[in-house]
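Geometric and topological summary
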Amino acid sequence: MIEVLRSGPLTTIQDLGRPGFAHLGVGRSGAADRPSLRLANRLVGNPEGSSALELTFGGLALRATEPMTIAATGARCTVRVDGREQDMFAALSVPAGSTIEFGMPSRGVRTYVAFRGGLECELVLGSAATDVLSHLGPEPVREGDVLKVGAPEGSVPAVDVVPVRQLPDEVVLRVVTGPRADWFTPDALDLLGRSRFEATPASDRIGVRLDGAELQRTCLDELPSEGMVEGAVQVTPDGHPVIFLADHPVTGGYPVIAVVHPDDIALAAQLRPGQSVRFDVRAPIPVTHAVSAEPASTGVPRIPFPATLSPTGQEVG
Amino acid sequence: MRTLLPTGHNALLVECFDLEDVMALHCALTSSRPHGVVDLVPAARTLLVTFDDTTTRAEVARAVTGVEFGAPVVAAAPAEVTIEVTYDGQDLDDIAELTGIPKDDVVRRHLGGDYVVAFTGFAPGFAYIAGGDPALVVPRRATPRTRVPAGSVALAGEFTGIYPHEGPGGWQVIGRTEAPLWDLRRESPALLTPGTRVRFTEGRAS
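Residues numbered from 1 in each chain as written. Chains lettered and ligands numbered in written order. Predicted model: local features only at pLDDT ≥ 70, side-chain atom pairs only at ≥ 80, totals over all residues. Heavy atoms only, no water.

- Identification of chain B as Allophanate hydrolase from Knoellia sinensis KCTC 19936 is taken from an unreviewed UniProt entry.

- Named according to an unreviewed UniProt entry, chain A is Allophanate hydrolase originating from Knoellia sinensis KCTC 19936.

Structural data, given as structure tokens:
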């Protein structure tokens, strides 16, 4: 078992989330930086999607009540076992009774700690992930909590330390424009590709909020709420973009100017407040299929569109 | 006319002809789910289709365009849900004033609707229920409340919504219900899912 001596600013249990429930209003959630969670699990011989800890700005201290094998990945921070500094990106054998401490990362935001056997906790819709937006899954980890480690399966792979690329100082995220790029001025699209944005302290697991050039709209209509994807770059009425992360709302009422490449979402999830980010903007390959036909009557009462559901644009019921 | 809007590498946003078309398309794709589709997110005018790397955008586009207009809207079980409402909402007076319809008539008209869940969103289990009396179309409150109790039945736009959990909200509260809208112990935690027909009945104040 693991005793939590100090929780740090925000430590949650995460796995690969609960995809497939968006039609119920439930988002995917799960690790904000999925490749790092997968790697941490692989290092200790777990299935990639086992539940592990996601640390936000480090600060976690644990006591292992039994011998265990752990691995830390993601944002680099100091890892100390009984005061002695250890490697990240490697499996560590931790003796019973030892204290494990994680410092504050110097780059990036989120560090992942996997335990051989995974963490045992109650699943909600098949996942142990904490969704901070819809309050599903376990509560964030608190001082005094006791976490249970599951029974290990398979063997620990024989690697010393895996080489990983260091998180860059200036992040460039590849995006494709759409689905609502046509709601913006040509200038806004140009600015999205040319200017530097800065991540703000209001960023969280829901999204990375950016400051910088204001992206002006040509279409000032109210957008009826529509489905949102992870990586969507949604632009709020003040012209500032938000990059949606794991706990993003299922639907949203602001137009999405572009969507981050799936392989760059982990980089977005490691953006620190104050860090600068640029976008490498590509046009999407056009969808050739467009259907045009007169809909037939089905006997179901025809329902007009709501002119507006949310004057604030945010999806608020 | 349905328009397919590219939405990153793993999604398509389908702009539908109207809400009815959204529901028909959602229903058709749910009952015969194309390979590789992860999530279907219906909304007021659009259906978002997300997919994994085992399929391609062209395959998904083909599946979407293969659904004919006017496909029937058939709900997954249960087909109809009856919700008992105590009509004592704190916004009944405002709704009466906004619509120019006396309070008793507001309730009578709300009970008379032929409702169907159009889509969900905002919070787990929150359903946008369409099909109400067009005379009861009201805007959201100018200032949202910071706390709306769980079970509040409320109106906004063409929709009736029920808050499954306590939280902030801006819809006009018409009453309350004890219907179990969200229960994780059930196989389907949400009571109301897209396509479900809904009937409101008047309950006793408790």
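**Topic: the pairing of strand β12 (residues 172–176) of chain B**
Residue and element names in this part refer to chain B.
- For β12, the buried fraction is high: 4 of the 5 residues fall into the buried class.
- Direction of pairing for strand β9 (residues 152–156) relative to β12: antiparallel, over a ladder of 4 bridges. Across the sheet, the residue bridging to Ala154 is Val173, located in β12. (Buried < 20%, exposed > 50% of the residue type's maximum accessible area, 1.4 Å probe, protein only. Helix = DSSP H or I, 4+ residues; strand = E, 2+ residues; numbered from the N terminus. Pairing = 2+ DSSP bridges.)

**Let's talk about the interface of chain B and chain A**
- Every contact between the two is made by 65 residues of chain B and, on the other side, 55 residues of chain A.
- Interface area for chain B against chain A, summed over the two sides, is near 5100 Å², with a carbon-plus-sulfur share of 68%.
- Sorting the residues of chain B by area buried against chain A places B:Glu20, B:Phe69 and B:Arg140 first, and these three jointly supply 12% of that buried surface.
- Along the contact surface separating chain B from chain A lie 1 salt bridge.
- Among the salt bridges present, the one from A:Arg180 reaches B:Glu15, with a minimum N-O distance of 2.8 Å.
- The tally of links from chain B across to chain A stands at 7 residue pairs in polar contact (both at pLDDT 80 or more). (Contact = heavy atoms within 4.5 Å. Buried area = accessible area lost by both parts, 1.4 Å probe. Salt bridge = Lys/Arg side-chain N within 4 Å of Asp/Glu carboxyl O. Polar contact = N/O pair within 3.5 Å; in protein donor to acceptor, adjacent residues only side chain to side chain.)

**Quick notes on the environment of A:Ser225**
All names here are of chain A.
- Assignment of secondary structure puts Ser225 in the loop between β15 (207–211) and β16 (226–227).
- Classification of Ser225 as buried rests on a relative accessible area of 2%.
- Sequence separation between Ser225 and Val250 is 25 residues; the distance between their C-alpha atoms is 9.8 Å.

**Brief notes about the packing of helix α3 (residues 92–99) of chain B against helix α4 (residues 103–111) of chain B**
Residue and element names in this part refer to chain B.
- Where α3 contacts α4, the axes come no closer than 9 Å and their chain directions differ by 90°. One element, α3, and the other, α4, form an angle in the roughly perpendicular class. Between α3 and α4, the residues in contact are Leu92, Asp93, Ile95, Ala96 and Thr99 and Lys103, Val106 and Val107, respectively. (Axes fitted to C-alpha atoms, helices over the stretch in contact; angles between N-to-C directions. Parallel < 35°, antiparallel > 145°, perpendicular 65-115°, else oblique.)

**Re the nonpolar core**
- In terms of nonpolar packing, the biggest core is built from 67 residues, with A:Leu53, A:Leu62, A:Ile100, A:Phe102, A:Phe115, A:Ile243 and A:Phe279 touching the most fellow members.
- For this core, the two domains that each supply at least three residues are domain 1 (2–149) and domain 2 (171–282) of chain A.
- The residues contacting A:Leu62, other than those within four sequence positions of it, are A:Ile2, A:Glu3, A:Val4, A:Leu5, A:Leu53, A:Ser98, A:Thr99, A:Ile100, A:Phe102 and A:Phe115.
- Residues B:Val37, B:Val116, B:Val148 and B:Val173 belong to the second largest nonpolar core, which totals 38 residues. (Core = buried A, V, L, I, M, F, W, Y, C linked by side-chain atoms within 4.5 Å. Domains from an automatic or database assignment.)

**Concerning the side chain of B:Arg57**
- Looking at the element boundaries, B:Arg57 is found in helix α2 (residues 57–65).
- Although buried, B:Arg57 forms no salt bridge, and the nearest oppositely charged side chain, B:Asp53, lies 12 Å from it.
- A distance of 2.4 Å separates the side chain of B:Arg57 from the backbone oxygen of A:Ile285, its partner in a polar contact.
- Once residues within four sequence positions are removed from consideration, B:Arg57 is found in contact with A:Ile285, A:Pro286, A:Val287, B:Pro6, B:Leu12 and B:Phe51. (Lys, Arg positive; Asp, Glu negative; His and termini not counted.)

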